[in-house]
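The chain contents come next:
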Amino acid sequence: MRDLTDDLAVLRARLAEAETYLKVDELRARRPQLEAEAARPDLWDDVDRARRVTAELAAVTDDLRRYEGLLARLEDAETLHQLGREEGDEESVAEVERSLGEIDAELRAVELRSMFSGEHDEHDALVSIQAGEGGVDAQDWAEMLLRMYVRWAERRGFDVEVDEVTEGSEAGLSSAELVVKGRYAYGYLQAERGVHRLVRMSPFNAQGKRQTAFAAVQVVPMLDGDGKVDIDERDIKMDVFRSSGAGGQHVNKTSSAVRLTHVPTGIVVSCQVERSQFQNRDRAMAMLRAKLADRERAQREAELDEIRGDQQRVGFGSQIRSYVLQPYQMVKDLRSGFETGNVPAVLDGDLDQLMEAYLQWRRAGADGA
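Residues numbered from 1 in each chain as written. Predicted model: local features only at pLDDT ≥ 70, side-chain atom pairs only at ≥ 80, totals over all residues. Heavy atoms only, no water.

### A short note on helix 3 (residues 47–87)
For an α-helix, the turn length of 3.6 residues means that residues three or four places apart are oriented alike. Spanning 41 residues, helix 3 covers 59 Å between terminal C-alpha atoms, matching the ideal 60 Å at 1.5 Å per step. The N-cap of helix 3, judged by a side-chain oxygen 3.4 Å from the amide nitrogen of aspartate 48 a few residues on, is aspartate 46. Positioned one or two residues after helix 3, glycine 88 has a phi angle of 65°, which is positive. (Helix = DSSP H or I, 4+ residues; strand = E, 2+ residues; numbered from the N terminus. Expected span 1.5 Å × (residues − 1). Polar contact = N/O pair within 3.5 Å; in protein donor to acceptor, adjacent residues only side chain to side chain.)

Below, the structure written as structure tokens:
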């Protein structure tokens with residue numbers, strides 16, 4: 001009969017570490033304070049504050065639920081293992097083994113959160129995709145990346161809203177912007193900022209030659225009420241136009257879509273997902289603030305790649321990750337060194353291992369700095 005004492009001890013030690021970096025004692029003290037604030041009848045008199053309180057309460061509750069659930073399951077496994085050993089029950093030991101596998105998998109997800117140390121890691125993310133060198137293949141590649149991120153977000157249970165899509169000249173997309181909403185959306189997606197390279201037999205080449213295409217991905221955090229950037233309305237040029245795409249007849253009959261240009265910086269954002277012009281403008285303003293805040297951080301820190309990644313030519317020699325479909329299949333992240341041969345799965349949104357490898361690489365660099 002297998003003795004699982006050492007395996008249980010390892011999980012117990014990992015859970016003790018989680019108790020420390022999750023700051024469980026602080027969370028337990030904070031929860032009743034937040035519950036009292038959330039129960040106040042005048043809470044929603046200040047909408048921004050109400051949203052902050054309810055968001056923090058949800059986060060605190062979620063972290064405590066995860067930790068306490070893992071602790072209870074581990075204690076149950078320890079008790080069952082002891083009884084199984086005493087009674088020589090092989091079935092109970094097998095059940096403990098299954099439980100240990102499940103606890104290990106959930107602990108890995110919790111441990112990944114310990115790598116989110118940035119100021120805005122818990123925020124929603126604004127993702128911009130821009131086709132680079134490679135002609136029609138690059139535009140097709142941009143559309144493939146958009147699908148990849150949408151599928152990844154859906155896998156994680158995040159909400160996705162595609163705010164702008166500019167069609168390519170012949171196929172694919174010239175550019176796209178989407179907002180991914182969920183806790184730690186920016187923390188995860190920051191791994192994707194940079195230039196992505198695709199190598200394949202081009203479906204747009206009559207000779208079927210191998211083609212290399214590039215697309216740039218930019219990721220910035222969507223800021224809450226405390227992080228708003230002051231914008232002078234006189235610096236904004238607003239254009240309205242008819243929405244296109246999904247949304248029914250309403251969006252095509254009214255000029256409800258909004259494009260905002262921040263004249264001093266030249267930053268342009270647009271939104272057409274809401275039903276009214278006012279709603280689209282509010283959303284576009286939030287996107288503009290996120291981009292301006294990103295710009296300010298980069299200037300203040302004197303290192304643009306701290307938040308947005310290196311701003312290099314979107315072509316040869318500038319990629320952070322390569323996706324090769326022919327003559328062999330491989331995805332390789334050139335920063336972390338992580339690679340996988342299951343390219344179809346990655347393109348279908350299976351990005352967690354790549355993101356985790358990037359976060360570990362980044363933390364190793366910070367620890368060694």
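### What to know about a negative patch on the surface
Together, Glu86, Glu87, Asp89, Glu90 and Glu91 give the surface a local cluster of negative charge. Those elements that provide at least two residues to the negative patch are helix 3 and helix 4 (90–113). Secondary-structure assignment places aspartate 89 in the loop between helix 3 and helix 4. Exposure remark for aspartate 89: the relative accessible area of 30% places this residue in the partly exposed category. (Patch = residues over 30% accessible without salt bridge, like charges linked within 9 Å, V, L, I, M, F, W, Y side chains within 5 Å. Areas by Shrake-Rupley, 256 points an atom, 1.4 Å probe, with all protein chains shown as cover. Salt bridge = Lys/Arg side-chain N within 4 Å of Asp/Glu carboxyl O. Lys, Arg positive; Asp, Glu negative; His and termini not counted. Charge placed at Lys NZ, Arg CZ, Asp CG, Glu CD. Buried < 20%, exposed > 50% of the residue type's maximum accessible area, 1.4 Å probe, protein only.)

### Points about the sheet that holds strand 8 (residues 267–271)
Here we have three strands laid out as an open sheet, ordered 6-7-8, and antiparallel in their pairing. Every interior strand has two partners, whereas the edge strands, strand 6 (236–241) and strand 8, have only one. Here the strands of the sheet are splayed against their neighbours by 15° on average, with no regard to which way each runs. With five bridges connecting them, strand 7 (residues 257–262) and strand 8 associate as antiparallel partners. Looking at the pairing, arginine 259 lines up with serine 270 of strand 8. (Pairing = 2+ DSSP bridges. Axes fitted to C-alpha atoms, helices over the stretch in contact; angles between N-to-C directions.)

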